[in-house]
Amino acid sequence: MVNSKFDDTLAAIELNAARKLNWDYSQFKEYFDFTVNEATIEINPKNHLEASEVETLKQALLDYGFQYKKTINDLILVFEQDIELR
């Protein structure tokens, strides 16, 4: 992906996740830190998430072809772009 296109995609993913969680976008941006590493997105919530919120977040990223890969230190969620979409 071209970097600016990926930035647009990341913004769309964030908006989709905020909408699915029924959160205001600015509240969402304050609560989560997104880090992009090549074909992965790492999401670091600043506080504990409920299990239902984690599932909603996973679905929001799946909508854009990113599948849950692993959790680091019980906090950082790592999503990898679907290999078939690369």
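Analysis parameters
- Residues numbered from 1 in each chain as written.
- Predicted model: local features only at pLDDT ≥ 70, side-chain atom pairs only at ≥ 80, totals over all residues.
- Heavy atoms only, no water.
- Helix = DSSP H or I, 4+ residues; strand = E, 2+ residues; numbered from the N terminus.
- Buried < 20%, exposed > 50% of the residue type's maximum accessible area, 1.4 Å probe, protein only.
- Polar contact = N/O pair within 3.5 Å; in protein donor to acceptor, adjacent residues only side chain to side chain.
- Contact = heavy atoms within 4.5 Å.
- Phe/Tyr/Trp six-rings, centres within 6.5 Å; stacked < 30°, edge-to-face > 60°.
- Lys NZ or Arg CZ within 6 Å of the ring centre and 35° of its normal.
- Salt bridge = Lys/Arg side-chain N within 4 Å of Asp/Glu carboxyl O.

Some remarks on the environment of Gln 59
At step 1: Of note, Gln 59 is situated in helix α3 (residues 51–62).
At step 2: Judged by its relative accessible area of 37%, Gln 59 falls in the partly exposed class.
At step 3: Along the sequence, Gln 59 and Lys 20 sit 39 residues apart, while their C-alpha atoms lie 8.8 Å from each other.
At step 4: A polar atom in the side chain of Gln 59 sits 3.0 Å from the side chain of Asp 63.

Some words on the side chain of Thr 40
At step 1: Within the element layout of this structure, Thr 40 appears in strand β2 (residues 40–45).
At step 2: If we ignore the near neighbours within four places in the chain, the residues touching Thr 40 are Thr 35, Val 78, Phe 79 and Glu 80.

Structural notes on the packing of aromatic side chains
At step 1: Overall, the coordinates contain eight aromatic pairs when judged by the stated rule.
At step 2: With a centroid separation of 4.7 Å and 40° between ring planes, the pair formed by Phe 28 and Phe 32 is classed as tilted.
At step 3: Pairwise contacts between aromatic rings join Trp 23, Phe 28, Tyr 31, Phe 32 and Phe 34 into one cluster.
At step 4: Sitting above the plane of the Tyr 68 ring, Lys 58 keeps its charged end 3.9 Å from the centroid.

Brief notes about the pattern of salt bridges
At step 1: In the structure shown here, the tally under the stated rule is five salt bridges.
At step 2: Here Lys 20 makes a salt bridge to Asp 63, at a shortest N to O gap of 3.0 Å. Taken together, the positions of Lys 20 in helix α1 (residues 3–20) and Asp 63 in the loop between α3 and β3 (66–72) put the pair 43 residues apart, joining distant regions of the chain.
At step 3: A salt bridge links Glu 55 to Lys 58; its shortest N-O distance comes to 3.6 Å. Here the residue Glu 55 and the residue Lys 58 both occupy positions in helix α3, the gap between them amounting to three residues, near one helical turn.
At step 4: Given a relative accessible area of 48%, Glu 55 falls into the partly exposed group.

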